[in-house]
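Examining the three-dimensional arrangement
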Amino acid sequence: NHWAQVQLGDCYLHGIGVDPSFASAVTWYDRAAAQGHPEAAFKLGVMFENGWGVKKSRSHAMACFKKAYAKGNEEAGMHLRRLCQIGKLRSKKKK
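As a starting point, this report considers the structure included with it. (Residues numbered from 1 in each chain as written. Predicted model: local features only at pLDDT ≥ 70, side-chain atom pairs only at ≥ 80, totals over all residues. Heavy atoms only, no water.)

Observations regarding the side chain of D10
The cut-off we apply is this: Per the convention used, a helix needs a DSSP run of H or I reaching at least four residues, while a strand needs a run of E reaching at least two, with both numbered from the N terminus. Only protein chains enter the accessibility calculation, which uses a 1.4 Å probe; a residue whose area is less than 20% of its type maximum is buried, one above 50% is exposed, and one in between is partly exposed. Whether two residues touch is decided by their heavy atoms; if any such pair falls within 4.5 Å, the residues are in contact.
Residue placement: D10 occurs in helix α1 (residues 2-14). The class of D10 is buried, set by a relative accessible area of 14%. Among all residues touching D10, those that are not within four sequence positions of it are Y29 and K43.

What about the packing of aromatic side chains?
Quick note on the threshold: A pair of aromatic rings is counted whenever rings of Phe, Tyr or Trp (Trp by its six-membered ring) have centres within 6.5 Å, and the orientation is called stacked for planes under 30 degrees apart, edge-to-face for over 60 and tilted otherwise. Should the NZ of a Lys or the CZ of an Arg lie within 6 Å of a ring centre and within 35 degrees of the ring normal, that charge is described as sitting over the ring.
Under the counting rule described, the total for this entry stands at two aromatic pairs. Consider the rings of F22 and W52, whose centres lie 5.5 Å apart with planes at 20°: the pair is stacked. Of this pair, F22 sits in helix α2 (residues 22-34) while W52 sits in the loop between α3 (38-50) and α4 (58-70), placing them 30 residues apart in sequence. Of the residues examined, F22 reaches a relative accessible area of 37% and is grouped as partly exposed. W52 gets classed as partly exposed once you look at its relative accessible area, which sits at 33%. Where F42 meets F65, the ring centres are 5.7 Å apart and the plane angle is 40°; that geometry is what we call tilted. Of this pair, F42 sits in helix α3 while F65 sits in helix α4; the two residues are 23 residues apart in sequence, bridging distant segments of the chain. Comparing F42 with F65, the two get one shared label, buried. Stacked on the ring of W28, the Lys or Arg R31 has its end atom at 4.5 Å from the ring centre.

What follows is the structure, encoded as structure tokens:
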């Protein structure tokens, strides 16, 4: 069940009852997100945004945040807007 998968991801992220492992947290968040869990998609986006347990990827983070926001996760919307603003600033600097 996706709720339990998110909880396992949290345990691995914070080292609750297990050795901390970003890679294991990513695995569990990814499984739950694939089942449509918005919080899991958000947390997976944070992992991609920061490069925790995965290669840092703005595009993957944005995709996760979009998925979470579409399912009602408002915090994902804030992250998405911030990443879009950062992208616009970077584009202006390159010109």
